[in-house]
Amino acid sequence: EMLRSTVREFAEGEIAPHAAQWDVDHHFPVDVVRQMGELGLFGIVFPEEYGGAGGDFTSLCVAIEELGRVDQSMGITLSAGVGLGANPIFQFGTADQKERWLPDLVAGRALGGFGLTEPDGGSDAGATKTRAVLDGGDWVINGSKAFITNCGTEITSLTTVTARTDDGISAFVVPAGTTGMTIEPPYHKLGWHASDTHGITLDDCRVPEHHLLGKPGEGFRNFLTILDDGRIAISALAVGCAQAALE
């Protein structure tokens, strides 16, 4: 309840007065996202060794609910930033991958994207058509992703993408700005206008071999595990919206 009170005060003071205008302008408020990081919201569920609070998943859902009560766009930004951006690195990354990327993601200084959905496959991980082949110590990735949250902001540090390999479906960390990865123009959506959402094109996109996330062929299973938490977080976001409507 202390956390709920803190997040509600922040949401009503820093987000609610501006949410309508951000929606009209399709504006992603990076400064407010950084404030959310300073408040510790992106680190609630992560261990202290990475700068987190060592809290539980219910606490994260309370924070998402309170943000969603005033602005769904900022609620999904937190939900995706934690569950889809940082969590895959935390759950399946090597020690080096965690050391490199987790501290900034946990602190809200950076955001990560989750490149699963494809134009022909919805969120069906098994329908992945993007491919990756190993070539001279690099993975070369070709394909496209659709409706990827937090992949095109000025503080985006990486997007984790799934691709078919000889072992099945594997996952890869693609840092922002990698040659061959094009972030497409933002979607014209019917809602969540202040949430950052783009398609991604991967055209001979090369990442080092050690950017494989998890074991080869386990990307399908690992991403489904990530989505289990994500579905609960989205329910919390919906509860916040319903609470606002009821009030």
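Scroll up a little and you will see the structure.
Predicted, not measured: the structure shown is a model, and the values here were computed from it.

Draft legend 1. Inspection of the overall build of the protein chain at higher detail. Within the protein chain, the secondary structure is distributed over six helices and eight strands. Along the protein chain, helices (α) and strands (β) appear in the sequence α-α-α-α-α-β-β-β-β-β-β-β-β-α when read from the amino end. Against the 2.2 N^0.38 benchmark of 18 Å for 247 residues, the protein chain shows a C-alpha radius of gyration of 17 Å, consistent with a compact globule. With respect to the principal axes defined by its C-alpha atoms, the protein chain has extents near 55 × 40 × 25 Å. Evaluated residue by residue, the protein chain yields a buried proportion of 50% over its 247 residues. Long-range contacts, defined as pairs at least 24 residues apart, comprise 71% of the intrachain contacts of the protein chain with a sequence gap of at least 6. Total accessible area computed for the protein chain in this model is approximately 11100 Å², and 52% of it derives from carbon and sulfur atoms. The protein chain carries 16 positive and 34 negative side-chain charges, and their two centres are separated by 5 Å.

Draft legend 2. Spotlight on the packing of aromatic side chains. In the structure shown here, the tally under the stated rule is five aromatic pairs. Aromatic side chains tyrosine 50 and phenylalanine 90 sit 6.3 Å apart centroid to centroid with 80° between the ring planes, which places their arrangement in the edge-to-face category. Pair noted here: tyrosine 50 is in the loop between helix H2 (30–38) and helix H3 (57–70) and phenylalanine 90 is in helix H4 (residues 72–92), with a separation of 40 residues, a long-range link. The class for tyrosine 50 is buried, based on a relative accessible area of 16%. Among the aromatic residues, ring-to-ring pairing joins Phe46, Tyr50 and Phe90 into one connected group.

Draft legend 3. Structural view of helix H1 (residues 2–25). Given a rise of 1.5 Å per residue, 24 residues ought to cover 34 Å, and the 33 Å separating the end C-alpha atoms of H1 matches this to within 8%. At alanine 19, H1 shows its strongest bend, of approximately 50°. On its buried side, H1 packs onto H2, H3 and H4.

Draft legend 4. Main features of the nonpolar core. Judged by nonpolar contacts, the single largest core of 47 residues is most densely connected at Met36, Leu41, Leu67 and Leu78. Residue assignment for this core shows that the elements contributing at least two residues are H1, H2, H3, H4, helix H5 (95–107), strand E1 (111–115), strand E5 (168–175) and helix H6 (219–246). Apart from residues lying up to four places away in sequence, leucine 78 is in contact with Met36, Leu41, Phe42, Leu60, Ala63, Ile64 and Leu67. In this structure, Ala132, Cys151, Cys205 and Leu212 belong to the second largest nonpolar core, which totals 15 residues.

Draft legend 5. Local environment of the side chain of threonine 149. Within the secondary structure, threonine 149 is located in strand E3 (residues 138–149). Relative accessible area serves as the criterion here: at 18%, threonine 149 is assigned to the buried category. Setting aside residues up to four positions removed in sequence, threonine 149 forms contacts with Ala80, Gly112, Gly113, Phe114, Ser195 and Asp196.

Draft legend 6. Summary view of the packing of H3 against H6. Where H3 meets H6, the axes come as close as 7 Å, and the angle between the chain directions of the two elements is 40°. Between H3 and H6, the angle is such that the two are oblique. By crossing handedness, the relation of H3 to H6 is classed as right-handed. Residue-level inspection shows Phe57, Cys61, Ile64, Glu65, Gly68 and Arg69 of H3 in contact with H6, the latter providing Asp229, Ile232, Ala233, Ala236, Leu237, Val239, Gly240, Cys241, Gln243 and Ala244. Tallied by class, residues from the contact of H3 with H6 come to 10 nonpolar, three polar and three charged.

Draft legend 7. Region of interest: the side chain of asparagine 150. If you trace the backbone, asparagine 150 turns up in the loop between E3 and strand E4 (156–165). Note on asparagine 150: relative accessible area 0%, which makes it buried. Of the polar contacts made by the side chain of asparagine 150, one reaches the backbone oxygen of threonine 77; its length is 3.3 Å. In contact with asparagine 150, not counting residues within four places along its chain, are Phe28, Thr77, Ala80, Gly81, Leu111, Gly112, Gly113, Thr156 and Asp196.

Draft legend 8. Just the pairing of E1, in detail. The element E1 is extensively covered by neighbouring structure, given that five of its five residues are classed as buried. Residue alternation in E1 divides its side chains into two sets, Leu111, Gly113 and Gly115 and Gly112 and Phe114, and both sets are buried. Relative to E4, E1 runs parallel, the two being bridged by five bridges. Bridging from a neighbouring strand, phenylalanine 114 pairs with threonine 160 of E4.

What counts and what doesn't
- Residues numbered from 1 in each chain as written.
- Predicted model: local features only at pLDDT ≥ 70, side-chain atom pairs only at ≥ 80, totals over all residues.
- Heavy atoms only, no water.
- Helix = DSSP H or I, 4+ residues; strand = E, 2+ residues; numbered from the N terminus.
- Rg over C-alpha atoms; globule rule 2.2 N^0.38 Å.
- Buried < 20%, exposed > 50% of the residue type's maximum accessible area, 1.4 Å probe, protein only.
- Contact = heavy atoms within 4.5 Å.
- Areas by Shrake-Rupley, 256 points an atom, 1.4 Å probe, with all protein chains shown as cover.
- Lys, Arg positive; Asp, Glu negative; His and termini not counted.
- Charge placed at Lys NZ, Arg CZ, Asp CG, Glu CD.
- Phe/Tyr/Trp six-rings, centres within 6.5 Å; stacked < 30°, edge-to-face > 60°.
- Expected span 1.5 Å × (residues − 1).
- Bend = angle between axes of the 7 residues up to and from the residue.
- Core = buried A, V, L, I, M, F, W, Y, C linked by side-chain atoms within 4.5 Å.
- Axes fitted to C-alpha atoms, helices over the stretch in contact; angles between N-to-C directions.
- Parallel < 35°, antiparallel > 145°, perpendicular 65-115°, else oblique.
- Left-handed = near helix turned anticlockwise from the far one by under 90°.
- Nonpolar A, V, L, I, M, F, W, Y, C, P; charged D, E, K, R; others polar.
- Polar contact = N/O pair within 3.5 Å; in protein donor to acceptor, adjacent residues only side chain to side chain.
- Pairing = 2+ DSSP bridges.

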